[in-house]
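# An overview of the molecular structure
Chain by chain, the residues:
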Amino acid sequence: MKAIELKQPQRIVFGTGCMNQMCDKYLASGMKRLFVITATPILPMIKPVLEKMAGNGIELLTETDIYGEPTVGDFKRILAKAKDFGADSVIGVGGGSVMDVAKLVATFLNSEQKIEECYGIGFIKRRGVWFACAPTTAGTGSEVSPNAILLDESDNGKKGIISNHLLCDVAYLDPQLTMTVPPRITAETGMDALTHCIEVYTNKFAHPCVDMYALKGITLIAQHLERAVKDGSDTEAREAMLLGSMYGGLGLGPVNTAAVHALAYPVGGMFHKSHGLSNSILLPTVMRFNMKGNEKRYADVAIACGCQPGKTDEETAQRGVAFVSELSKACGIPQSLEEIGIPKTAVGEMAKAAMLQQRLLKNNPRDITEQDCIDIYNSL
């Protein structure tokens, strides 16, 4: 069996109401100046924690100016605020965008490196200040991954920064923080989490140490996503979705994603569509394309989704693709590029951009060419 390095935060705290533990732990740490990155709708949910900290002498600065997926410019602007504040610690409470920025701000706060030097895998030289993450969506798994993604305005390309130094000191996964997420975002982020799990399990570099996370994540999301979309107050569904998302995130460091993400990046980068929506539209079609690369693995995905086995792995795998497609439709997600305003005339440029994502395409179970990318986009 090949060697693999499992990567996760030093501490993971999971459970409804666990965010309340954050304050006492922080107060015992000796840190004094906390830079809080979040979103305005989340502030009421974390107000008691922040008030308790302030009442115990902690200096707080709250940053809520992140809209959509973060750009390099967003990161630099927020980093400057954290430096001016003199932060000795950072917490990101929000979706993947908020957490990715929090991870990068903490890491570059006292660093002489430039963000542009660190695109890719393993270029960050040292760890930054203490930081924590608390997800409010069940989607990216960023709270437990060593990955961060920014949109580079210079070329509209998504740039990945991957480093063990981006693993947070503690991740607080509190399903209560996900209860007020609207149905559309619940659906899109949930399909993103499902994509992570499927791409980790069917990956060319899949590993038994990570397979168990991926399969369990697939099962949890397949059983609970539609419930969470239709009733956001369904505690059991919210807990299952956040756990499934975390399992997907745990696979991003040691294994990572593949062609779905590579083809989704141009959709998001060029047309500013959400990452979850981009993945959702592409997932069934890329699964169908990839099946020939490993029918047994895709059959396993189908079984994890709750599908009945067919007479062959191919038949079982096809049932899995159909299930994922129907789940997406049931959650109200658009099924074509045309529905989200992307013209066929953009396909050639998107295909070229997707082929630049070789750090992801090398993981794909089936080799993919530029013409394959064109065909996949045109089929949507």
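Residues numbered from 1 in each chain as written. Predicted model: local features only at pLDDT ≥ 70, side-chain atom pairs only at ≥ 80, totals over all residues. Heavy atoms only, no water.

## Considerations on the sheet that holds strand β8 (residues 157–162)
Rules: Strand pairing is assigned whenever DSSP detects at least two bridges linking the two strands. Helix and strand definitions follow DSSP, with helices as H or I runs of at least four residues and strands as E runs of at least two, each counted in order from the N terminus.
Reading across from one edge, β5-β8-β7 is the order of the three strands in this open sheet, with mixed pairing throughout. Edge positions in the open sheet fall to β5 (120–121) and β7 (147–152), since each of these has one partner strand only.

## Section: the sheet that holds strand β3 (residues 59–63)
To keep it simple, the criterion reads: Each axis is a line fitted through C-alpha atoms, taken for helices only over the stretch in contact, and angles between the N-to-C directions span 0 to 180 degrees.
The parallel open sheet is built from six strands, whose spatial order is β1-β9-β6-β4-β2-β3. Strand pairing shows two members of the sheet lacking a second neighbour, β1 (11–14) and β3, which therefore form its edges. Taking the axes of each pair of neighbouring strands and ignoring which way they run, one obtains an average angle of 15 degrees across the sheet. The sheet contact formed by strand β4 (residues 89–94) and strand β6 (residues 130–135) spans six bridges and is parallel. When the bridges of β6 are listed, Ser89 appears paired with Trp130.

## Some words on the pairing of β3
Of the pairings in the sheet, the one linking strand β2 (residues 33–37) to β3 comprises five bridges and is parallel in character. Bridge assignment links Phe35 to a residue of β3, and that residue is Leu61.

## Focus on the environment of Glu315
Put simply, the rule is: Type-normalised accessible area, obtained with a 1.4 Å probe on protein chains alone, sets the label of each residue: buried when under 20%, exposed when over 50%, and partly exposed for intermediate values.
Checked against the element boundaries, Glu315 lands in helix α11 (residues 313–330). Judged by its relative accessible area of 30%, Glu315 falls in the partly exposed class. For Glu315 and Glu295, which are 20 residues apart along the polypeptide, the C-alpha to C-alpha distance reads 9.1 Å.

## Side note on helix α12 (residues 347–355)
Counted only if it meets this: To obtain the arc, one takes the directions from the helix axis to the C-beta atoms. Should any heavy atoms of two residues lie within 4.5 Å, those residues are considered in contact.
Along α12, the positions that sit buried rather than exposed are Val347, Met350, Ala351, Ala354 and Met355. All buried residues of α12 fall inside an arc of 135 degrees around its axis, so they share one side. Buried positions along α12 lie against α8 (259–271), α13 (358–361) and α14 (370–378).

## Things to note about the packing of aromatic side chains
Counted only if it meets this: Each Phe, Tyr or Trp ring (for Trp, its six-membered ring) is paired with any other whose centre lies within 6.5 Å, and the angle between the two planes then decides the class: stacked below 30 degrees, edge-to-face above 60, tilted in between. Here, over-ring charges are defined by two tests on the NZ atom of lysine or the CZ atom of arginine: distance to the ring centre within 6 Å, and angle to the ring normal within 35 degrees.
If you walk through the whole model with that rule in mind, you get three aromatic pairs. Aromatic pair Tyr26 and Trp130: ring centres 5.7 Å apart, planes at 65 degrees, arrangement edge-to-face. Remark: Trp130 occurs in strand β6 and Tyr26 occurs in helix α1 (residues 20–27); sequence separation between them is 104 residues. Over the aromatic face of Phe85 sits the side chain of Arg33, whose NZ or CZ is 4.4 Å from the ring centroid. Taking NZ or CZ as reference, Arg366 lies 4.0 Å from the ring centre of Phe289, over its face.

## Notes on the packing of helix α6 (residues 208–230) against helix α7 (residues 235–250)
Defined as follows: Throughout, a crossing is termed right-handed when the near helix is turned clockwise from the far one, and left-handed when it is turned anticlockwise from it by less than a right angle. Gly counts as polar in this scheme, as do all residues outside two lists: the nonpolar Ala, Val, Leu, Ile, Met, Phe, Trp, Tyr, Cys and Pro, and the charged Asp, Glu, Lys and Arg.
Between α6 and α7, whose axes approach to 8 Å, the crossing angle comes to 145 degrees. Pair α6 / α7 crosses with left-handed handedness. Only Glu236, Ala237, Arg238, Ala240, Met241, Leu243, Gly244, Ser245, Tyr247 and Leu250 of α7 make contact with α6, whose side of the interface consists of Tyr213, Lys216, Gly217, Leu220, Ile221, His224, Leu225, Arg227 and Ala228. In the contact of α6 with α7, the residues fall into eleven nonpolar, four polar and four charged.

## A closer look at the packing of helix α3 (residues 72–85) against helix α4 (residues 96–108)
The test is simple: Here the angle decides the label: under 35 degrees means roughly parallel, over 145 means roughly antiparallel, 65 to 115 means roughly perpendicular, and every other value means oblique.
Contact geometry of α3 with α4 gives a least axis separation of 10 Å together with a crossing angle of 50 degrees. Our classification of the angle between α3 and α4 gives oblique. Regarding α3 and α4, the two cross each other, and that crossing is right-handed. Contacts between α3 and α4 involve Phe75, Ile78, Leu79, Ala82 and Lys83 on the former and, on the latter, Val101, Leu104, Val105 and Phe108. Along the lines of polarity and charge, the residues of the contact of α3 with α4 split into eight nonpolar, no polar and one charged.

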